[in-house]
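# Examining the three-dimensional arrangement
Here is how the chains run, residue by residue.
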Amino acid sequence: LPEPRSNLALAAVHRADGVYLVAANGLGSGKSWADVRRSLWLLAPTDSAWRVLPDLPVTSGRLASVAVAVGERAYLFGGYSVAADGSETSTPEVFAIDPVRATVAPVADMPVPVDDAVALPWRDRYIVLVSGWHDHGNVAAVQILDTTTDRWQPATDFPGTPVFGHAGGLVGDDLLICDGVTARRDAQGQGVFALTDACYRGQLNPADIGHIDWQPLPAHPGRPRYRMAATGTEQDGARVVFAGGSENPYNYDGIGYDGVPSAASTAVFSFDFGRGQWQQHVPTAVASMDHRALIERDGNFHLIGGMRDPQSVSAEVVSFRLR
């Protein structure tokens, strides 16, 4: 990357002339509120290095935003801003980014502004936005953007306890969401955050947009994780691949909500939709956490930026194949 960056929103736009990578927002190496960025980077198929484009047209940087590619554009969703006093605000904006023309255009705002959500591309037209954090708590809302009409509609709510920092993927009409952090308030009004190992499979219905048939699945191998990278793939059958993350949920600086510094993971596993089972894979060579996306390109999977132990923001890329 042009500089160390964690919590990047990333999307891979597949065109006839190759794969364009779009990276936005995230956290710089200082890991303070002043290091939250609103940058936009682009890597075209013929580029030997990332291009640094003008900052996004927002007033401050964003964390926990998410990006996804549909058609020949990348769509970037909100995130949250951090003020000097530490207050955080979920933001509603959505941008469509044309990686060929290197242009940014606003599209319809999210009806429920969420950050640390999962965005999934569906049928090269829709984007399914699942759960996430809204200002003061998690929401069960599932929101669908029709990129053709630029209109939102609600979908069947997420069936589990609402989460943030979860991960998931979609292949065909099947989606999968796992893990993340639940939130509640104690008697003193303080936030209590806990990882969950819950996984849910959702069946989308193209004849009834918005209806999702949710079913619980057994937990994946190993302990639950926060801010894993994940994507749907058709390698060796339809499956969702998960990599990295941390077993200890943390604030944006990498220090756990329990005050203990969080450690990154090398774990790689996938759920095979056809066989209906989990599969453990060879771990990555380097532990990595604080991701918003897993990028697949030419049979390889890439963890771009993120944090390495001990909570160090990285500019490097960890690549692996499923084995």
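We now turn to the structure provided with this report. All residue numbers refer to position in the chain's written sequence, counted from 1. Reporting of local features is limited, given that this is a predicted model, to residues whose pLDDT is at least 70; pairs of side-chain atoms are given and counted only at 80 or more, and all residues count toward the totals for whole chains, interfaces and linings. The basis for the side-chain values is all heavy atoms of the structure; hydrogens and waters are excluded.

Turning to the overall build of the protein, a few remarks are in order. Helix numbers and strand numbers start at the N terminus; a helix is a DSSP run of H or I with at least 4 residues, a strand a run of E with at least 2. When helices and strands are tallied, the protein shows 0 helices and 29 strands. Throughout, the radius of gyration refers to the C-alpha atoms, and the reference size of a globule is 2.2 Å times the residue count to the power 0.38. Taken over C-alpha atoms, the radius of gyration comes to 18 Å for the protein, in line with the 20 Å a tight globule of 323 residues would show. Working definition: with a 1.4 Å probe on protein chains only, accessible area under 20% of the residue-type maximum means buried, over 50% means exposed, and in between means partly exposed. Relative to its full complement of 323 residues, the protein shows a buried share of 56%. In the protein, once contacts between residues fewer than 6 apart in sequence are set aside, the share between residues at least 24 apart is 51%. Per-residue accessibility takes into account occlusion by the displayed protein chains alone, with areas from the Shrake-Rupley method and a 1.4 Å probe. Per element, the accessible surface of the protein, about 12800 Å² overall, is 48% carbon and sulfur. In this description, contact between two residues means that some pair of their heavy atoms is separated by no more than 4.5 Å.

It is worth spelling out the packing of aromatic side chains at this point. Pairing of aromatic rings covers Phe, Tyr and Trp, the last counted by its six-membered ring, and requires centre-to-centre distances within 6.5 Å; plane angles under 30 degrees mean stacked, over 60 mean edge-to-face, and any other angle means tilted. The final tally for this structure, using the stated rule, is 16 aromatic pairs. For the ring pair Phe242 and Phe269, a centre distance of 5.5 Å and an interplane angle of 25 degrees mean the geometry is stacked. Placement of the pair is Phe242 in strand β22 (residues 239-243) and Phe269 in strand β23 (residues 268-272), with a sequence separation of 27 residues. Across the pair, exposure class does not vary: Phe242 and Phe269 are buried alike. Pairing Phe271 with Phe273 gives two aromatic rings, centres 5.8 Å apart and planes at 80 degrees, and the pair type is edge-to-face. Grouping residues by exposure puts Phe271 and Phe273 together as buried.

On to the environment of Val139. One can find Val139 in the loop between β12 (137-138) and β13 (142-146). Among the residues examined, Val139 registers a relative accessible area of 17% and is labelled buried. Remark: the alpha-carbon pair of Val139 and Pro113, spanning 26 residues in sequence, is separated by 9.9 Å. With near-sequence residues (within four places) excluded, Val139 lies in contact with Val112, Val114, Ser131, Gly132, His134 and Pro162.

Once that is clear, we can look at the sheet that holds strand β6 (residues 73-82). Here, strands pair whenever DSSP counts at least two bridges between them. With respect to topology, 4 strands assemble into an open sheet ordered β5-β6-β7-β8, the strand pairing being antiparallel. Every interior strand has two partners, whereas the edge strands, β5 (66-70) and β8 (103-107), have only one. Adjacent strand axes in the sheet meet at a mean angle of 30 degrees when their direction is disregarded. Relative to β6, β5 runs antiparallel, the two sharing 5 bridges. Its bridge partner lying in β6, Val70 is registered against Arg73. Fitted lines through C-alpha atoms give the axes, limited to the stretch in contact for helices. The angle between two N-to-C directions lies from 0 to 180 degrees.

Let's shift gears to the sheet that holds strand β15 (residues 167-171). An order of β15-β16-β19-β20 is seen for the 4 strands of this open sheet, with the pairing classed as antiparallel. The two strands at the open ends of the sheet, each matched to only one other strand, are β15 and β20 (212-217). Between one strand and the next, the sheet's axes are offset by a mean angle of 20 degrees, whatever the strand orientation. Relative to strand β19 (residues 199-204), strand β16 (residues 174-178) is paired through 5 bridges, and the arrangement is antiparallel. Residue pairing for β19: Leu175 is matched across the bridge by Gly202.

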